[in-house]
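Structural overview for review
Here's the letter readout for the chains.
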Amino acid sequence: MTTKTVFVRSAVALAALALGTAGVSTASASSPAAKSPKLKPTSFTIDFSAMAQLKGIAKSGKGKVAVLLPDTQSSARYVSFDAPYLTQAFKAAGLSSDQFQVENAQGSTQTMQTQAEAAITNGATVLVVDPLDSGSGAAIEANATQQGVKVIDYDRLTLNGKASYYVSFNNVTVGKLLGKGLTDCVTAWSVSN
């Protein structure tokens with residue numbers, strides 16, 4: 001399993017948990033359906049089976065989840081991996097296709113702002129935001145939290161934002177792997193020249 005699949009599934013798990021607590025009163029929040037499942041990074045496998053543990057909590061919530069992705073130009077992963085994996089994970093967590101949406105801003109901060117506002121108007125109680133930049137992301141998050149919407153930073157941290165959670169790759173491990181790859185390439189190049 002790749003770091004990417006754990007990353008996507010962790011974001012969906014947090015979104016389902018946030019959705020499960022959206023609109024849940026304090027009295028009902030102690031019900032078995034509203035309790036957090038016992039999941040950890042190793043729980044997430046390539047078959048999305050751990051996502052089924054989120055069905056009870058997702059069902060106990062109200063509203064919808066909207067994922068706002070930044071573009072298709074900086075990385076093909078948003079179309080090839082993020083959008084399909086997020087969709088598959090939401091469905092495995094028990095959400096129907098009308099309970100979530102995955103949007104792409106196509107590189108436009110204005111488009112992302114419009115998508116966020118439309119999602120909230122259409123009943124989103126959770127936004128998963130991968131902003132184009134911190135300034136536009138913070139504006140989206142401020143508007144969302146002002147309207148009682150839970151926000152999760154996905155992939156990119158929104159400086160001065162209002163997100164309750166931040167889901168990203170293990171950036172320390174990524175840095176070590178990049179460094180090792182560079183060292184291996186330099187070593188291989190030096191030996192052959």
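Refer to the structure presented above.
Residue indices follow the written sequence of each chain, beginning from 1 at its first position. Given that the model is predicted, a residue must reach a pLDDT of at least 70 before its local features are reported, and side-chain atom pairs must reach 80 or more before they are shown or counted; all residues, however, enter totals for whole chains, interfaces and linings. The basis for every side-chain value is the complete set of heavy atoms in the structure, and neither hydrogens nor water enter the calculation.

The next point concerns helix α3 (residues 77-92). Accessible area is worked out with a 1.4 Å probe on protein chains only. A residue is then buried under 20% of its type maximum, exposed over 50%, and partly exposed in between. Helix numbering and strand numbering both begin at the N terminus, where a helix is a DSSP run of H or I of at least 4 residues and a strand a DSSP run of E of at least 2. Residues of α3 that are buried: R77, Y78, D82, L86, A89, F90 and A92. In a view along the axis of α3, the buried residues occupy a sector of 160 degrees, so they form one face of it. Taken from the residues just after α3, G94 is the one with a positive phi, measuring 95 degrees. Directions are taken from the helix axis to each C-beta atom, and the arc is the one they span.

The subject of this paragraph is the nonpolar core. Note on terminology: a nonpolar core comprises buried Ala, Val, Leu, Ile, Met, Phe, Trp, Tyr and Cys residues joined through side-chain atoms within 4.5 Å. Of all hydrophobic cores here, the largest spans 23 residues; its most connected members are M51, V65, V67, F90, L95 and V128. When contributions to this core are tallied by element, the ones reaching two or more residues are α2 (55-60), β1 (64-69), α3, β3 (124-129) and β4 (150-154).

Right, let's talk about the pattern of salt bridges for a bit. Close approach of charged atoms lets side chains of opposite charge pair. The term salt bridge refers to a side-chain nitrogen of Lys or Arg lying within 4 Å of a carboxyl oxygen of Asp or Glu. This structure, assessed with the given rule, holds four salt bridges. With a shortest N-O distance of 3.6 Å, R156 and D130 are connected by a salt bridge. Here the residue R156 occupies a position in the loop between β4 and β5 (165-167), and D130 occupies one in the loop between β3 and α5 (134-146), the gap between them amounting to 26 residues. For R156, a relative accessible area of 27% puts it in the partly exposed group. You can call D130 buried: its relative accessible area is 0%. Across the pair D184 and K180 runs a salt bridge, and its minimum N-O distance is 2.8 Å. Here K180 and D184 lie together in helix α6 (residues 171-192), a separation of four residues that amounts to about one turn. Given the relative accessible area of 39%, D184 is considered partly exposed. The structure contains a network of salt bridges with shared partners spanning R77, D82 and D155.

Attention shifts here to α5. Spacing of three or four residues puts side chains on the same side of an α-helix, whose turn is 3.6 residues. Look at α5: 18 Å from first C-alpha to last across 13 residues, which is about the 18 Å you get at 1.5 Å a residue. For α5, the secondary structure elements touched by its buried residues are β1, α4 (109-121), β3 and β4. Any pair of nitrogen or oxygen atoms within 3.5 Å is treated as a polar contact; in protein, a donor-acceptor pairing is required on top of that, and neighbouring residues in sequence qualify only through side-chain atoms on both sides. The N-cap residue of α5 is D133: its side-chain oxygen and the backbone nitrogen of G135 are 3.1 Å apart. Positive backbone phi, at 80 degrees, marks G148, one or two positions downstream of α5. By this rule, a helix spans an expected 1.5 Å times one less than how many residues it contains. Residue contacts follow a heavy-atom distance rule, with two residues in contact if any of their heavy atoms lie within 4.5 Å.

Of all five residues in β4, four are buried, a share of seventy percent or more. A pair of strands is labelled paired if DSSP reports no fewer than 2 bridges between them. As judged from the four bridges shared by β3 and β4, these two strands associate in the parallel manner. By the bridge assignment for β4, V128 is matched with I152. Relative to β5, β4 runs parallel, the two being bridged by three bridges. Across the sheet, the residue bridging to Y154 is V167, located in β5.

Turning next to the sheet that holds β4. The strand order β2-β1-β3-β4-β5 describes an open sheet built from five strands, whose pairing is parallel. In this open sheet, the two edge strands, each paired with only one partner strand, are β2 (100-104) and β5. Within this sheet the neighbouring strands show an average axis-to-axis angle of 20 degrees, counted without direction. Contacts from α3 reach β1, β2 and β4, with the element oriented near 175 degrees to β2. Here an axis means a line fitted to C-alpha atoms, over the contact stretch when the element is a helix, while the angle between two N-to-C directions is reported on a 0 to 180 degree scale.

Attention now goes to the side chain of D130. Reaching out from D130, the side chain makes a polar contact with the side chain of Y78 at a distance of 3.2 Å. Not counting the four nearest positions on each side in its chain, D130 is found in contact with L68, L69, P70, R77, Y78, M112, Y154, D155 and R156.

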